[in-house]
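Examination of the molecular architecture
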Amino acid sequence: MIRWLLIRTAQALATLAAALVILFFLMRLVPGDPVTAFIGDRAMSQADVQRIRDRYCLDCSLPHQFSQFIGRAFRGDLGTSIQHQRPVTQLMAERLPATLLLGGSTLFLNFTLGLALGVWQAVRKGRTVDRLLTAVSLVGYAVPSFWLGLILAWMFAVRLHWFPSSGITSIQLSSEAGPIETALDIGRHLVLPVVTLSVVSIAAMMRYQRNAMIEVLRLDYIRTARAKGLAESTVVIRHAWRNALFPILTLFGLWLPILATGSVFVESVFGWSGLGLLATNAIGGRDYPVLMGSAILVSTLIVLGGLITDIGYMILDPQVRHR
Amino acid sequence: MPRSRSRIAVASCALLLTSTVLLPAQRQTNDHGVVIIATGADAPAPVPTVATFGTNWEVANLLFLRLAEMGPTLTSVGDRGFIPALARAWNRRDSLTLVFELDPRALWHDGRPVTAADVIFTFARSQEIPDLASALRRVKSVSAEGDHRVIFRFVRFYPEQLYDATHQMLIMPQHLLKDIPLDSLPTSAFAQKPVGNGPFRWVRRVPGQLIELAAFDRFFLGRPKIDRVYFRVASDPDARLNLLLAGEADVAQSLSLPAEDRVRQDSNLVVTAVPSGGITYALFNQKANGDRGKPHPILSDPVVRRALILALDRPQMARSVYGGHTSVPDGPVPQMFAWVQAPGERIVPSDTARARAMLASAGWLDHDRDGILDKNGIPFELSVNTPNRTPQRPMLAQQMQARLLPLGIKLNVRLMEYEVSQTMRDSGQFDIDMASANLDPTPSGWDWSWSCANVAKKRQNVGSYCNPEIDSLLLKAQSSRDPVVHYRRILALIRSDAPAIFLSSPANVIGVNKRYASHPFRPEMLWLSLRHWSVTPGQQLPRDRVTSTP
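These figures come from a predicted structure and were not determined experimentally.

Points about the overall build of chain A
Helix and strand content of chain A: 16 helices and zero strands. Within the span of chain A, comprising 323 residues, buried residues form 36% of the whole.

So, the overall build of chain B
In terms of regular secondary structure, chain B is built from 17 helices and 24 strands. Expressed as lengths along the three principal axes of its C-alpha atoms, the size of chain B is roughly 115 × 55 × 45 Å. Taking all 550 residues of chain B together, 48% fall into the buried category. For chain B, long-range pairs separated by at least 24 residues make up 67% of all intrachain contacts whose partners lie at least 6 apart in sequence.

Focus on helix α11 (residues 314–322) of chain B
Residues and elements named next belong to chain B. The set of residues buried in α11 consists of R314, M317, A318, V321 and Y322. Seen from one end, α11 has its buried residues packed into an arc of 100 degrees, which puts them on one side. The inward-facing, buried residues of α11 contact α9 (257–264), α13 (392–404) and β21 (500–504). Two residues or fewer past α11, G323 is found with a positive phi of approximately 85 degrees.

Some details on the sheet that holds strand β22 (residues 508–513) of chain B
All names here are of chain B. On the basis of which strands lie adjacent, the open sheet formed by seven strands has the order β8-β9-β10-β1-β11-β22-β12 and mixed pairing. Among the strands making up the open sheet, the edge pair consists of β8 (200–206) and β12 (269–274). In this structure, strand β11 (residues 251–252) lies alongside β22, joined through two bridges in antiparallel fashion. Paired with V251 across the two strands is V512, which belongs to β22. Running at roughly 140 degrees to β12, α9 makes contact with β12 and β22 of the sheet.

With respect to the pairing of strand β6 (residues 139–144) of chain B
All names here are of chain B. By the bridge criterion, five bridges tie β6 to strand β7 (residues 149–154) in an arrangement that is antiparallel. Bridging from a neighbouring strand, S143 pairs with I151 of β7. Hairpin connection of β6 to β7: four residues between the antiparallel strands, including G146 at a positive phi of 80 degrees.

Looking at the packing of helix α5 (residues 88–123) of chain A against helix α14 (residues 275–284) of chain A
Residue and element names in this part refer to chain A. Interhelical geometry of α5 versus α14 gives an angle of 135 degrees and a closest axis separation of 8 Å. Put simply, α5 runs oblique to α14. Packed against α5, whose contacting residues are L91, M92, R95, L96 and T99, the element α14 presents L275, G276 and L278 at the interface. A breakdown of the residues in the contact of α5 with α14 according to their chemical character gives five nonpolar, two polar and one charged.

Section: the sheet that holds β6 of chain B
All names here are of chain B. A sheet is described by the order of its strands in space; here four strands give the open sequence β4-β5-β7-β6, paired in antiparallel fashion. Each edge of the sheet is formed by a strand with only one pairing partner; in this case those strands are β4 (87–94) and β6. Strand-to-strand twist in this sheet, taken as the mean axis angle between neighbours without regard to direction, amounts to 20 degrees. Two strands pair when backbone bridges link them, and strand β5 (residues 97–102) and β7 are joined in this way by five bridges, in the antiparallel orientation. When the sheet's bridge partners are listed, V99 is paired in β7 with I151.

A short note on the packing of helix α7 (residues 145–159) of chain A against helix α8 (residues 237–245) of chain B
Where α7 of chain A contacts α8 of chain B, the two axes come as close as 10 Å, and the packing angle between them is 15 degrees. As far as their axial angle goes, α8 of chain B and α7 of chain A are roughly parallel. In this structure, α7 of chain A crosses over α8 of chain B, and the sense of that crossing is right-handed. Of the residues in α8 of chain B, those touching α7 of chain A at L150, A153, A157 and V158 of chain A are D238, N242 and L245 of chain B. The class makeup of the residues in the contact of α7 of chain A with α8 of chain B is five nonpolar, one polar and one charged.

Considerations on the nonpolar core
Counting 151 residues, the largest nonpolar core has M213 of chain A together with V35, I37, L86, I171 and V229 of chain B as the members making the most contacts within it. Take this core: its biggest share by element is 14 residues, from helix α8 (residues 179–217) of chain A. The next biggest cluster of nonpolar side chains, apart from the first, holds 45 residues, and it includes L283, L299, L404 and A498 of chain B.

Some remarks on the interface of chain A and chain B
Between chain A and chain B, the residue contacts involve 43 residues of the former and 42 residues of the latter. At the level of secondary structure, the elements contributing two or more residues to the side of chain A that touches chain B comprise α2 (34–39), α3 (46–55), α5, α7, α13 (264–269) and α14 of chain A. Classifying every residue of the side of chain A that touches chain B gives 16 nonpolar, 18 polar and nine charged.

A look at the environment of R137 of chain B
Residue and element names in this part refer to chain B. Turning to its location among the elements, R137 is positioned in the loop between α4 (130–135) and β6. With 11 C-beta atoms packed within 10 Å, R137 lands in the exposed category. Put simply, R137 and F154 are 17 residues apart on the chain and 8.9 Å apart in space, counted from C-alpha to C-alpha.

Thoughts on the confidence of the model for chain A
Here chain A averages 86 in pLDDT, and 96% of its residues register 70 or above. No element of chain A has a lower mean pLDDT than helix α16 (residues 318–322) of chain A, at 68, and none a higher one than α8 of chain A, at 92.

Here we look at unusual backbone geometry
All names here are of chain B. Positive phi, normally seen in glycine, also occurs at N376, with a value near 50 degrees. Its place among the elements puts N376 in the loop between β16 (374–375) and β17 (378–379). Look at N376 and you get exposed, because 7 C-beta atoms sit within 10 Å. We note that A498 has phi near 50 degrees; this positive angle belongs to a residue other than glycine. Within the secondary structure layout, A498 lies in the loop between α17 (483–497) and β21. Of the residues examined, A498 has 21 C-beta atoms within 10 Å and is grouped as buried.

Considering helix α2 (residues 54–63) of chain B
Residue and element names in this part refer to chain B. For α2, the buried fraction is high: seven of the ten residues fall into the buried class. N56, E58, V59, A60, N61, L62 and L63 are the residues of α2 that are buried. Where α2 is buried, its residues meet β8, β9 (210–215) and β10 (226–233).

Rules used in this analysis
Residues numbered from 1 in each chain as written. Chains lettered and ligands numbered in written order. Predicted model: local features only at pLDDT ≥ 70, side-chain atom pairs only at ≥ 80, totals over all residues. Helix = DSSP H or I, 4+ residues; strand = E, 2+ residues; numbered from the N terminus. Buried ≥ 20, exposed ≤ 12 C-beta atoms within 10 Å, placed from the backbone. Contact = placed C-beta atoms within 7 Å. Arc of directions from axis to C-beta. Pairing = 2+ DSSP bridges. Axes fitted to C-alpha atoms, helices over the stretch in contact; angles between N-to-C directions. Parallel < 35°, antiparallel > 145°, perpendicular 65-115°, else oblique. Nonpolar A, V, L, I, M, F, W, Y, C, P; charged D, E, K, R; others polar. Left-handed = near helix turned anticlockwise from the far one by under 90°. Core = buried A, V, L, I, M, F, W, Y, C linked by C-beta atoms within 7 Å. pLDDT = per-residue confidence, 0-100.

Here is the structure:
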């Protein structure tokens, strides 16, 4: 098993390295120039433009730029943002907590509420509550997040003033505010973006989990378990749910990058200053250092997601473990 | 004794009542408060020479002062019309020497006095930045006579000497910056917590979220009535509008037409239009698309260019996109320096019949009867490169397309990412480019985009428009005591040569909370007058009573 784990980890690292090399060169093939984007509609002399180009080595050959990037990256230096003129690691460190909070809260809701509702529906298959939740989840799945975000902001922030429309904390939250006051304030700001992100993903999770559970609940070993007189909760939780988790495990691997990317649209509409927004602005601005920093993080999470899924399968499924 | 005790008790109760009831009431009737500005970008280094645009620059302008500010007329020429700032007075020794008397009361936020050495240091620093050095190229030297007298010497006489000496430089503290090299400044401790000399001092920045400034109690021109200024960062225009409508922000600028309508419907808000330095225009490429060695087969003919302009009802187009606060110029004239135009001058109204006749006279007729004009086998078909960063430019391009098609002119609107459009623009790969620019408050910058000297230079005269008389007039304007005559002649030439369709000089439309008794805005730098803002007594919100964050 350890040998398998080592081989799988080596494969993951090789995938990551290949992805980064490809991304580095692909980014530079995209039309557009980072300095042009940085300057915008403002007037700037050739001399100043050249000064910026020299500072970021934008006229150097691609292999030279790549070797510079790799050399720095191994020292933990991802370069300096062209748009922000600040170290990329600093920019990402500033925004990572906000993204982790948003992505983490969404994932947490998906894998608790979404799973629970899916299981609950499956064991009540065909009943009114199942049909109702199926309809609700289909509607939730069909609602575009960008529309939902705008509607929620308008309704609950602009009209009803129940929640703040934008930001992570209140502007006049005292610097001496205690942890509970701060947490409550952040929580109020978190509600609308998390609800916007979760409505679609919880609906999807419910659908997956319901179908997986229904499939498992039909199997002979479940009938046997019930025939043995086991309590229904034991049958559902211990015997059925474990086997119905495989598709969900795959989903977890696929959704892990949400932790780092959040949702660009939700971050934008709710002024949630996270990594997703940073990366999107960097794409528009051809801010190569920030783009590479984001690419490293997202690629790592994608590869890590795959690795975790594989390990999870091995733990849950004895067939995989013994293969 | 018991009686006197009871009197004391009554007196104490009365005092207590007064302090708990009357004092807050008194506080409520004062005109202090806070301003929360919804802004699109963060300000990680609001320091002069580092900050040149965006929120960085806006914050820097509240923290740091110039020697003098432009006056209400915004005239950049001559020595009159400027308002004292760090310099309480100025005079001329001769046509090449300006002497500024610094206000001895001026202080840095750390309590040190502002001195002539700071001005000299700022000028020296400016020389390290090519653009600033270029703007100050006609300043020969800056020297001091004592602590509070600064002498600017110029290489030659020109009408914008005072403008250059004042507008181009926010004065920086020598005692804090002399040991910080320019390249290290953006990431220095100073950039994280700048020490300025302006009406507001730095309090804190929460990255990506907000910037907080506080009124500087010892500001020598009078402590502002706005105790705190917050810049609330929200990159999305809808998020900024929501902040304003939800009452979480007090001001939001650059409102689109639909956003303006929503703000107007809110009884707590008022809409203000401030002249801006922005212009939007469709630039003609006078060289062949992608080949600057050849003339453009259609657009190199000035008759054709004039006909295109004449065929469009520009005021109607501009109004439909920008609303009623826009004006249509006949040249690169934003609202901010409309003074340069002759009084009462109006643009030539649209006349499609005349436009058609002009095109016919230039040989453009529908010979093959396919609905599109042609000449020598070349169809009248042009591409319009349109960046998609804002909705306004695509809307204008589509209107042009719709209005010119009935005349037999086919425009292919190519909507593209801003960065791609800029790259194509710089390399001359366009027929028509939907351009916009934010100009400095002076027409002397016209040489940038409209002079022969800058033809085909990247980001400058990319349309390759050249009329040597304009270059000559620009030179004359720069040494004349009355440059306006020359500027007006330049405008007449531009009108005749038609290098672009000038579509709009939009105003900056701002939504403001109604509780401010006065809220003046400055066109050249919106928040410069923030220190004159006040809240209508009795209309303060709870957040106007600032107690947090020292």
